[in-house]
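# Overview (structure and organization)
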Amino acid sequence: MPKIALLQAHVFNISGVFTDDFPANPPTPFNYTGTQPTNFQTENGTKLYRLGYNNTVQLVLQDTGMLTPENHPVHLHGFNFFEVGRGVGNFDPNKDPKKFNLVDPVERNTIGVPAGGWTAIRFIADNPGVWFMHCHLEIHTTWGLKMAFVVDNGKGPNESVLPPPPDLPKC
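Below you will find a few notes about this structure. None of these values were measured; they are calculated from a predicted model.

Note that strand β4 (residues 81–88) and strand β5 (residues 106–108) share 3 bridges and pair antiparallel. Bridging across to β5, Phe82 finds its partner in Glu107. Across 6 bridges, β4 lies against strand β7 (residues 117–125) in antiparallel orientation. Of the residues in β7, the one forming a bridge with Gly87 is Trp118.

Read across the open sheet, the 5 strands follow the order β1-β9-β8-β3-β6; overall the sheet is mixed. A single partner strand is all that each edge strand has here, and the edge strands are β1 (49–51) and β6 (110–113). Neighbour-to-neighbour, the strand axes of this sheet turn through a mean angle of 25°, independent of strand direction. Summarising the sheet, strand β3 (residues 72–76) and β6 pair through 4 bridges and their orientation is antiparallel.

The next point concerns the sheet that holds β7. With antiparallel pairing, the 4 strands of this open sheet are ordered in space as β2-β7-β4-β5. Every other strand in the sheet has two partners, leaving β2 (55–62) and β5 as the edge strands with one partner each. Sheet twist, expressed as the average angle between the axes of neighbouring strands with direction ignored, equals 35°.

What follows concerns the nonpolar core. Counting residues in hydrophobic clusters, the biggest one holds 17 residues, and the most contacted among them are Leu51, Leu59, Leu61, Leu76, Phe123, Met133 and Phe149. Counting only elements with at least two residues in this core, the list comes to β2, β3, β6, β7 and β9 (146–151). Beyond its immediate chain neighbours, meaning those up to four positions away, Leu76 contacts Phe81, Asn109, Phe123, Phe132, Met133 and Phe149.

This brings us to the environment of Phe100. As for its position among the elements, Phe100 is in the loop between β4 and β5. With 21 residues separating them along the chain, Phe100 and Ile121 place their C-alpha atoms 9.9 Å apart. Not counting residues up to four positions away in its chain, the partners in contact with Phe100 are Gln58, Val84, Gly85, Phe91, Trp118, Ala120 and Arg122.

On to the packing of aromatic side chains. Considering all chains together, one arrives at 8 aromatic pairs under this definition. Ring centres of Tyr49 and Phe149 lie 6.3 Å apart, and the angle between their planes is 85°; on these two criteria the pair is classed as edge-to-face. Of this pair, Tyr49 sits in strand β1 while Phe149 sits in strand β9, and the two are 100 residues apart along the sequence. Look at Tyr49 and you get partly exposed, because its relative accessible area is 28%. Look at Phe149 and you get buried, because its relative accessible area is 2%. These aromatic residues form a ring-pair network of at least three members: Tyr49, Phe79, Phe123, Trp131 and Phe149.

Calculation criteria
Residues numbered from 1 in each chain as written. Predicted model: local features only at pLDDT ≥ 70, side-chain atom pairs only at ≥ 80, totals over all residues. Heavy atoms only, no water. Pairing = 2+ DSSP bridges. Helix = DSSP H or I, 4+ residues; strand = E, 2+ residues; numbered from the N terminus. Axes fitted to C-alpha atoms, helices over the stretch in contact; angles between N-to-C directions. Core = buried A, V, L, I, M, F, W, Y, C linked by side-chain atoms within 4.5 Å. Buried < 20%, exposed > 50% of the residue type's maximum accessible area, 1.4 Å probe, protein only. Contact = heavy atoms within 4.5 Å. Phe/Tyr/Trp six-rings, centres within 6.5 Å; stacked < 30°, edge-to-face > 60°.

All quantities given are derived from atomic positions and should not be read as evidence of function.
What follows is the structure in structure tokens.
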């Protein structure tokens, strides 16, 4: 865990606290709901995913059978999002988006990723800053089921993170 807050590092441009190279796709694709690989070659680090202000974001959250398929309540700070799809098994990028509900999707800030399945969400990155996304089962965050987005400033003060006031108490 970094010793400096991610938002503080972002606002004051402090290097060495995080990188913005969180992968957009799994580095090692596999059959997520089938036989699991034995060596993931995991890395330690604080990697965030950078979003431009007002970008439209679509995420597919895929459950795996790592230990056992399990429903994961995933929460995103700083945004509400729309659930546009969900299904069982592995997400199929060629077939499943054709069944997305783009007319009246449900709006949430926490969503269940079904055991052995997937959920697709969409949101607009219109809240600049650093925002945490994590599984609400606390033990899962200790296993790494967490990440953060850094959303760049837009134009002007209404679309930018304001610096802290000079009289903000120190922790």
